[in-house]
Amino acid sequence: MDVKGKVIAVTGGASGIGAALSKLFAAEGAKFVALADMDEAGARAVAAEIGEGAKAYKLDVTDEAAVATFAQSVEADAGPIDLYFSNAGIIFSDAPDWTAISQTNAQWDKIWQVNVFAHVLALRAVLPQMLKREGCGFVITASAAGLLSQIGDISYSTTKHAAVGFAESLAINHGDDGLYVACLCPQAVTSKMTAGAEKSSAAGDGIMPADEFARRVLAGMREGRFMIRPHEQVEGYFLNKAKDYDRWVGGMRKFRRHQMAATGKPL
Ligand SMILES: NC(=O)c1ccc[n+]([C@@H]2O[C@H](COP(=O)([O-])OP(=O)(O)OC[C@H]3O[C@@H](n4cnc5c(N)ncnc54)[C@H](O)[C@@H]3O)[C@@H](O)[C@H]2O)c1
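As the structure is a computational prediction, the values presented were derived from the model and not from experiment.

A. Looking closely at the pairing of strand 1 (residues 7–11). For strand 1, the buried fraction is high: 5 of the 5 residues fall into the buried class. Burial along strand 1 is two-sided: Val7, Ala9 and Thr11 and Ile8 and Val10, pointing in opposite directions, are all buried. Across 5 bridges, the pairing between strand 1 and strand 2 (residues 32–37) is parallel. Within strand 2, the position partnered with Thr11 by the bridge is Ala36. Crossover strand 1 to strand 2 through helix 1 (residues 16–27) is right-handed. Where strand 1 lies against strand 4 (residues 83–86), 3 bridges are found, and the strand directions are parallel. Looking at the pairing, Val10 lines up with Phe85 of strand 4.

B. Layout of the nonpolar core. Core analysis: the largest hydrophobic core is formed by 43 residues, its most contacted members being Phe70, Val74, Ile81, Tyr84 and Phe138. Among the secondary structure elements, those contributing two or more residues to this core are strand 1, strand 2, helix 3 (64–78), helix 4 (105–131), strand 5 (137–141), helix 5 (145–148), helix 6 (154–174) and strand 6 (180–184). Sorting elements by how many residues they give to this core places helix 4 first, with 8 residues. Each residue touching Val74, except ones within four places of it in the same chain, is listed here: Val7, Phe32, Ala34, Tyr57, Gly79 and Ile81. Counting residues in each nonpolar core, the second largest holds 34 residues, with Val3, Ala14, Ile17 and Met221 among its members.

C. Seen up close, the packing of aromatic side chains. Scanning the entire structure with this criterion turns up 5 aromatic pairs. Ring centres 5.2 Å apart and planes at 75° place the aromatic pair Tyr57 and Phe70 in the edge-to-face group. Of this pair, Tyr57 sits in strand 3 (residues 54–58) while Phe70 sits in helix 3, and the two are 13 residues apart along the sequence. The two residues Tyr57 and Phe70 agree in class, both being buried. Between Phe70 and Tyr84, the aromatic rings sit 6.3 Å apart at their centres with planes inclined by 75°, giving edge-to-face as the arrangement. Residue Phe70 is located in helix 3, and its partner Tyr84 is located in strand 4; the two are separated by 14 residues in the primary sequence. Its relative accessible area of 4% is what places Phe70 among the buried residues. Taking the relative accessible area as the measure of exposure, Tyr84 reaches 1% and is therefore buried.

Rules and cut-offs
Residues numbered from 1 in each chain as written. Predicted model: local features only at pLDDT ≥ 70, side-chain atom pairs only at ≥ 80, totals over all residues. Heavy atoms only, no water. Buried < 20%, exposed > 50% of the residue type's maximum accessible area, 1.4 Å probe, protein only. Helix = DSSP H or I, 4+ residues; strand = E, 2+ residues; numbered from the N terminus. Pairing = 2+ DSSP bridges. Right-handed = clockwise from strand over helix to strand, strands pointing away. Core = buried A, V, L, I, M, F, W, Y, C linked by side-chain atoms within 4.5 Å. Contact = heavy atoms within 4.5 Å. Phe/Tyr/Trp six-rings, centres within 6.5 Å; stacked < 30°, edge-to-face > 60°.

Shown next as structure tokens:
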């Protein structure tokens, strides 16, 4: 899968990972990049930086009617969407008491809508037209937290596991229809989400610059990969987990203890 000549939609395009992917895709010859975000001003700024062939759209990815309208607007502006990057995401930590019951029902509802159900709504809006054409794809930004769990944010880890499950099912059920599906599972990448998180457990292996992350994602796409893990360590961690789940949980508990001793909080 390549981006040359493609009409590409990127949600969460105003910032961090979405902005870096959009800029790279435009530089690599995408026909049109649609940057969709609740942060309209941010999306406009990235679109202006890219210049011709990029446009900002105000979108709340949890609003089904708005998602359908977004897909129609992009089609009217540039043609049907070839590649949809369902990337917008949010995070809540278990602060302040760092228990697994600290997050409110409203937080659980919200993060479920953005980190999981938004993928369902986006797919509904674009799948029928994608299945009629060749060379289309749907890419989900999950997280290494969806394969391994992130210490100190239970709703994030849970919803990212669900996002990996959704991507997996999509690849299995529609891969034979010619749809390219990829699941991005990075550890820490520079963005608003990781700003000031240099000492957090999430950044245990460092924070990858977003432009480097984007290059690795495109390399994975060009290899036709479903599972794209831009941080090399993640594959090894995942193998350890598969080999001995109990030992892996023990290792994560140890990591949590070290993090608590070093910073007074698990995240
Ligand atoms: N940065 C990391 O270290 C990291 C690691 C793994 C996974 N991720 C995932 O990458 C994705 C992008 O995050 P980022 O790191 O670039 O963070 P970010 O906060 O810089 O960007 C997220 C963007 O999503 C937008 N957004 C949030 N809710 C939205 C909604 N309801 N509708 C439309 N837009 C909405 C925000 O306005 C923001 O521009 C997320 O899914 C995140 O969970 C990030």
